[in-house]
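# Observations on chain architecture
The primary structure of each chain is shown beneath.
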Amino acid sequence: MRGPASLRDPWKYQRDYWPTLPVDIADIDPDLNGYTQWRRDRPPRVVLSDSLDDIGQRVTLTHELFHLECGQPDRWHRDRGEKLVRLLTARWLLPDLDLVKRALAMSVSIEDAAERLWVTLDVLVERLRHLTPNEAHLVHSPQARAFSHGHGGVVLYGLKSHQA
Ligand SMILES: [Zn+2]
């Protein structure tokens, strides 16, 4: 387990549900955090950048595992698949909005809140941008409101993690 024990751990998920999946940590294109390599005659493989810290690895591995769950996209649906994977990643990593609310209340900035929640800023913003009306009710903070009303667009697409 890496990070606080109460948080969801994609490494455990990988061991439980994708036990034979190769996950390699390598020196890759600096524009990428990681990618899933779909291979013709062998099972897919996930590659994570060796420049990621523990939080970056947690987020990127989760993202790539959702690519695997969704299956290999055809080229016509790649953008839509990417959006869905980002959303699923944010929801999976931040299932507890009470925790999100408390982190926002304790933090001096949204970056600080993301770190407390053991996610990247992009993931927290993605989660807050896509609250359901019921969820929005649960997260009353100026930061959450600002982002759920669409002022977070600059950083929304900052997660540099793409398919190979
Ligand atoms: Zn992706």
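Whatever comes next refers back to the structure up there.
Since the model is a prediction, treat every value here as computed from it, not as a measurement.

With that settled, the discussion passes to the overall build of the protein chain. Summing up its helical and strand segments, the protein chain has 9 helices and 3 strands in all. Moving toward the C terminus, one meets the helices and strands of the protein chain in the order α-β-β-β-α-α-α-α-α-α-α-α. Of the contacts formed within the protein chain by residues at least 6 apart in sequence, a portion of 57% connects residues at least 24 apart.

Attention now goes to the nonpolar core. In a soluble, globular protein the nonpolar side chains are often hidden away together inside. If you look at the biggest cluster of nonpolar residues, it comprises 17 residues, and the most contacted ones within it are Leu94, Ala113, Leu117, Val119, Val123 and Leu124. Secondary-structure elements contributing two or more residues to this core are helix H3 (78–93), helix H4 (97–106), helix H5 (110–116) and helix H6 (121–129). If you tally residues by element for this core, the top one is H6, at 4 residues. The residues that make up this core include at least three from each of domain 1 (7–93) and domain 2 (94–157). Ignoring any residue separated from it by four or fewer positions in sequence, one finds Ala113 in contact with Ala103, Leu104, Ser107 and Leu124.

So, about the sheet that holds strand S1 (residues 23–26). Reading across from one edge, S1-S3-S2 is the order of the 3 strands in this open sheet, with mixed pairing throughout. Lying at the two open borders of the sheet, with one neighbouring strand each, are S1 and strand S2 (34–37). Geometrically, the sheet is characterised by an average inter-axis angle of 20° between neighbouring strands, direction not taken into account. With 4 bridges joining them, S2 and strand S3 (residues 45–49) adopt antiparallel strand pairing. Counterpart to Thr36 in the pairing with S3 is Val46.

So, on to the environment of Arg127. Relative to the helices and strands, Arg127 resides in helix H6. When residues no more than four places from it in sequence are discounted, the contact partners of Arg127 are Ala90, Arg91, Leu94 and Val100.

Another point: the environment of Asp27. Mapped onto the fold, Asp27 is located in the loop between S1 and S2. Taking the number of C-beta atoms within 10 Å as the measure of exposure, Asp27 has 8 and is therefore exposed. Along the primary structure Asp27 and Ser51 are separated by 24 residues, whereas in three dimensions their C-alpha atoms are 7.5 Å apart.

Conventions used here
- Residues numbered from 1 in each chain as written.
- Predicted model: local features only at pLDDT ≥ 70, side-chain atom pairs only at ≥ 80, totals over all residues.
- Helix = DSSP H or I, 4+ residues; strand = E, 2+ residues; numbered from the N terminus.
- Contact = placed C-beta atoms within 7 Å.
- Core = buried A, V, L, I, M, F, W, Y, C linked by C-beta atoms within 7 Å.
- Buried ≥ 20, exposed ≤ 12 C-beta atoms within 10 Å, placed from the backbone.
- Domains from an automatic or database assignment.
- Pairing = 2+ DSSP bridges.
- Axes fitted to C-alpha atoms, helices over the stretch in contact; angles between N-to-C directions.

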